[in-house]
Amino acid sequence: MRGILATLISCVFFLNPFSWAQNCCVPAVPQHSVLGETVAMPHTLEIGLHYQFLCSGDMYEGSNTVNDPENTEAVWKRVSLTMAYGISMGISVSAIIPYSWKNKTKSIATTGVSIENSSAGIGDATFLVRFSPLARSFVKFRELSLGLGVKLPTGSTDLRNFGFLLPEELQPGTGSWDYIGTISYYQGLDLMDIIISGSYLMTTSHDNFKFGNQFSYLLLSNIHPEDIVEFSLALSGVIQGKDRREDLRDDFTGKRNIWLTPGLTIHAISEVLRLQVFAGYPVYQHFNGRQLGSEYNIHLTAEITVPFKN
Amino acid sequence: MKNPNNIRFIFTPIAVILVIGFSCGKDDKTTDPQNSNPVITSLTADPDTFYAGSSSIITVIADDPDGDVLSYYWEAHGSHLMPMPSGSNTMELTNCCPIAQPESAVVLSVVEDGRGGEARDSIELWIFPSGSR
């Protein structure tokens, strides 16, 4: 057990980020299975390591793809360390500490010269308290939970490429204090579980720039024909408002999207270690004006559970 | 409690890492009272108007009365721009994102001498949608 813990912690903080597999995500990607949808079991610590990879390459105008002579592409990768601890039955606290790599390429249409800009760094950490007025038990496999959280401006907002201050979308952090409210309902059945949840992210300004507020929702079903293996299917979506910047005139931001995400969970060590893989595909994307749309999202997770009381 | 050492084992490295990872402090910039600020003698854009999908090269010429080695930093305000590899005192910029109507961007050039002295100047660029060509 100690070996597993030490390896996970070392992976996040001490390995060269470019020497091993990477992952990522943008703010608009649904955060299910990172934020967690249920209250952690009492006196139990859950530690997760998440790897997310988001590939974006099609230019959209409204809901339609359009020709992009500049061949714009973006790859967002992110590793997140998550920790959740159940303080008592129905109350838990959790934290998310992300490290992201962002890379955006485009070409000069007139010359074909390719341009690449990238950044890497610790992102904004999120802390969340989750409370369940309708807690799970060994006889009632259902839970209603409410969560309140804050996203701290721990990520850098002043990274430069070639001496030039990168735009907000490429910075690892937002610089703002943002607030999160979430509500989730879990229902366990014989062969499957169902989770319905919604989250609202209320952003604030930093340096005259404010990312749009964001509402995300999730409908997730886990089917567990065996103790070791689970199959899941999630329908999730994001509605993101327009960014605001005082000195910016015509900013194409704000979007709506719906993702279909099949997944596989393996309980490698029963009640101790679970491994998950999700592959998300956007089934609907609508943008305000012309924006870069997403192609797919990969999410790998290793999560261990450490009980502190019998 | 199963084993109190478990808690210590898990939280100690995490706490140390968080403290190291999130520690912050003031910049170590010091100003030398004998130092003179650099002087920007010209700041030009070629061209100063470009279509989305092409680029503009900004050049700053600066001198330092003390002969210090100068460093050049850049920012854009008013429109998102994307930098390209450039020379030390030049910056080639293109539009970051699609635009719907003509936009202007103010490019700020900051020249530092490494001893606390700096000079700033800005220039305005215009970007037109590629379809308006």
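The preceding data block contains the structure.
What comes next is a walk through the structure. This is a predicted model, so every value here is computed, not measured.

### Here we look at the overall build of chain B
Of regular secondary structure, chain B possesses one helix and eight strands. Here chain B, with 133 residues, has 41% of them falling under the buried criterion. Counted over contacts in chain B with a minimum sequence separation of 6, partners at least 24 positions apart contribute 64%. In the structure as shown, chain B presents an accessible area of about 7,000 Å², 53% of it carried by carbon and sulfur atoms.

### Re the overall build of chain A
Secondary structure assignment for chain A yields one helix and 18 strands. Residues classed as buried in chain A amount to 53% of the 310 residues present. For chain A, restricting intrachain contacts to residue pairs at least 6 apart in sequence, the fraction spanning at least 24 positions comes to 64%. Of the accessible surface of chain A, which amounts to about 13,900 Å², a share of 61% is contributed by carbon and sulfur atoms.

### Observations regarding the packing of aromatic side chains
Counted according to the given criterion, the structure contains seven aromatic pairs over all chains. We note Arg-136 of chain A situated over the ring of Tyr-186 of chain A; from NZ or CZ to the ring centre the distance is 5.3 Å.

### Section: a nonpolar patch on the surface
Residues and elements named next belong to chain A. Nonpolar side chains collect at one region of the surface, where Ile-87, Ile-91, Val-93, Val-129, Phe-131, Leu-146 and Ile-183 lie side by side and expose about 530 Å² of accessible area between them. Where the nonpolar patch is concerned, the elements lending two or more residues are β4 (91-107) and β6 (126-134). If you trace the backbone, Ile-91 turns up in strand β4. Given a relative accessible area of 30%, Ile-91 falls into the partly exposed group.

### Overview of the sheet that holds strand β6 (residues 90-95) of chain B
Residues and elements named next belong to chain B. The four strands are arranged β1-β3-β6-β5 in an open sheet whose pairing can be described as antiparallel. Strands at the two margins of the open sheet, each flanked by one partner only, are β1 (39-46) and β5 (81-84). The mean angle between the axes of side-by-side strands here comes to 25°, regardless of whether they run parallel or antiparallel. Bridging between β5 and β6 involves four bridges; their strand directions are antiparallel. Its bridge partner being in β6, Met-84 is matched across the sheet by Glu-92.

### Side note on the nonpolar core
With 24 residues, the main nonpolar core has Ile-58, Trp-74, Leu-81, Leu-93, Val-107 and Leu-125 of chain B as its most contacted residues. The dominant element in this core, judged by the number of residues it contributes, is strand β8 (residues 118-128) of chain B, at four residues. Contact partners of Leu-81 of chain B, with chain neighbours within four places excluded, come to Phe-164 and Pro-167 of chain A together with Phe-50, Ala-76, Leu-93, Thr-94, Asn-95, Cys-96, Ala-105, Val-107, Leu-125 and Ile-127 of chain B. With ten residues, the next largest nonpolar core counts Ile-47, Leu-81, Leu-273 and Val-306 of chain A among its residues.

### What to know about the environment of Thr-204 of chain A
Residues and elements named next belong to chain A. With respect to the helices, strands and loops of the structure, Thr-204 is situated in the loop between β11 (192-202) and β12 (209-210). Along the primary structure Thr-204 and Tyr-281 are separated by 77 residues, whereas in three dimensions their C-alpha atoms are 30 Å apart. Among all residues touching Thr-204, those that are not within four sequence positions of it are Ser-176, Trp-177, Asp-178, Tyr-179, Phe-209 and Lys-210. Only 2.5 Å separates the side chain of Thr-204 from the backbone oxygen of Trp-177, close enough to count as a polar contact.

### Overview of the environment of Ile-223 of chain A
Residues and elements named next belong to chain A. Summarising the element assignment, Ile-223 is placed in strand β13 (residues 214-223). Of the residues examined, Ile-223 reaches a relative accessible area of 42% and is grouped as partly exposed. Sequence spacing of Ile-223 and Trp-259 is 36 residues, and the spatial spacing of their C-alpha atoms is 19 Å. In contact with Ile-223, not counting residues within four places along its chain, are Leu-191, Met-192, Val-229, Glu-230 and Phe-231.

### Some thoughts on unusual backbone geometry
For residues that are not glycine, phi is negative in most cases, and the peptide bond is trans in most cases. The step from Asp-46 of chain B to Pro-47 of chain B runs through a cis peptide bond, and the omega angle for that step is -5°. Here Pro-47 of chain B lies in the loop between β1 and β2 (49-51). Its identity is not glycine, yet Phe-162 of chain A carries a phi of approximately 55°, on the positive side. Tracing the sequence through the fold places Phe-162 of chain A in the loop between β8 (160-161) and β9 (164-165).

Cut-offs applied
- Residues numbered from 1 in each chain as written.
- Chains lettered and ligands numbered in written order.
- Predicted model: local features only at pLDDT ≥ 70, side-chain atom pairs only at ≥ 80, totals over all residues.
- Heavy atoms only, no water.
- Helix = DSSP H or I, 4+ residues; strand = E, 2+ residues; numbered from the N terminus.
- Buried < 20%, exposed > 50% of the residue type's maximum accessible area, 1.4 Å probe, protein only.
- Contact = heavy atoms within 4.5 Å.
- Areas by Shrake-Rupley, 256 points an atom, 1.4 Å probe, with all protein chains shown as cover.
- Phe/Tyr/Trp six-rings, centres within 6.5 Å; stacked < 30°, edge-to-face > 60°.
- Lys NZ or Arg CZ within 6 Å of the ring centre and 35° of its normal.
- Patch = residues over 30% accessible without salt bridge, like charges linked within 9 Å, V, L, I, M, F, W, Y side chains within 5 Å.
- Salt bridge = Lys/Arg side-chain N within 4 Å of Asp/Glu carboxyl O.
- Pairing = 2+ DSSP bridges.
- Axes fitted to C-alpha atoms, helices over the stretch in contact; angles between N-to-C directions.
- Core = buried A, V, L, I, M, F, W, Y, C linked by side-chain atoms within 4.5 Å.
- Polar contact = N/O pair within 3.5 Å; in protein donor to acceptor, adjacent residues only side chain to side chain.

These values are about where atoms sit, not about what they do.
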